[in-house]
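Results of the structural survey
Now for the letters of each chain:
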There are 2 protein chains.
Amino acid sequence: MDLDALPFDVFAKDCPSRGTLEHVTGRWGALTLGALHEGSFRFNELRRRVDGVSEKMLSQTLHALERDGLVHREAQPTNPPRVDYTLTPLGREVSERLLALIQCVQGRMEDVLGARERYDEVRGAR
Amino acid sequence: MDLDALPFDVFAKDCPSRGTLEHVTGRWGALTLGALHEGSFRFNELRRRVDGVSEKMLSQTLHALERDGLVHREAQPTNPPRVDYTLTPLGREVSERLLALIQCVQGRMEDVLGARERYDEVRGAR
DNA sequence: CAGCATCCGCAGTGATACTG
DNA sequence: CAGTATCACTGCGGATGCTG
């Protein structure tokens, strides 16, 4: 497949797809999409699932993904408030590819760790 | 597939797979792996292909990917020096999934841009 | 050509406090 | 619960200069 034939080329520095790709692959974006692939979550459920994310970063990440049309936000005007986040159809398409990547990396961590040891051994450690 | 059954869980904040995932999906890591998927490149060829990357960041990115066993570095002691970068078999596995993701995002940019417009319209722009 | 060393500004990030 | 607001800090990443 010829990438250059597409209307958007991520390799060009001013292409808007770079921004979206960064939202998707960013540290918190990737984990958030990965979590939401398993179903619907509330804000604090997500916060617990994505271990280590701060309130602010999760909020920020969700806004970016919602704006890009990957995440759907459903707020119920109850008290206490309840907000559920789910993937949109587009988000599901993206997250499926993303999850394939994440699982590939996870599954090959043994090899990666082995490569690191060999690398660090040749060059005088660190 | 049950992620919790794997020895490495990227959702846990101290899992080493998070680091590798960030090397792979980071701004420059993703584009570098994407470029190398098309074949072998020399340093400055890569620099031109990955539009906007600085010398320092490319160098740093390549080192991280090499250490993780995803990229192979072949230096020839000629003058002028010639160094070729290629994907390792492991790197090719990862980059294939990564490229599927990149192409998915690229191909759906129209939808993303549309979603943004709708989002910005409802909320008083910016 | 293929890099490493150094400096440095500022945006991204996290901790904390506060609101509806 | 579901966020927003504020602030201090770090380290990403660009610019520059130099080496083999």
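Residues numbered from 1 in each chain as written. Chains lettered and ligands numbered in written order. Predicted model: local features only at pLDDT ≥ 70, side-chain atom pairs only at ≥ 80, totals over all residues. Heavy atoms only, no water.

So, on to empty space enclosed by the protein. As enumerated under the stated definition, the model contains 2 cavities of 30 Å³ or more in all. Estimated volume of the largest cavity: approximately 50 Å³. Lining the largest cavity are A:Thr25, A:Gly26, A:Arg27, A:Ala30, A:Leu31, B:Arg18, B:Leu21, B:Glu22 and B:Thr25. Secondary structure elements with two or more residues in the lining of the largest cavity: α2 (27-36) of chain A together with α1 (16-25) of chain B. By residue number, the principal contributor to the lining of the largest cavity is α1(B), which donates 4 residues. Residues that form the lining of the largest cavity fall into these classes: 3 nonpolar, 3 polar and 3 charged. Empty space within the second largest cavity amounts to approximately 40 Å³. Looking at the second largest cavity, the residues that line it are A:Val10, A:Arg18, A:Leu21, A:Glu22, A:Thr25, B:Thr25, B:Gly26, B:Arg27, B:Ala30 and B:Leu31. Looking at the lining of the second largest cavity, the elements with two or more residues in it are α1 (16-25) of chain A together with α2 (27-36) of chain B. Examining the composition of the lining of the second largest cavity, we find that 4 residues originate from one element, α1(A), more than from any other. A per-class count over the lining of the second largest cavity returns 4 nonpolar, 3 polar and 3 charged. (1 Å grid on protein atoms, 1.4 Å probe; cavity = no way out; pocket = protein on both sides within 12 Å on 5 of 7 lines; lining within 4 Å. Points joined across faces, edges and corners; volume = space filled by probe spheres on them. Helix = DSSP H or I, 4+ residues; strand = E, 2+ residues; numbered from the N terminus. Nonpolar A, V, L, I, M, F, W, Y, C, P; charged D, E, K, R; others polar.)

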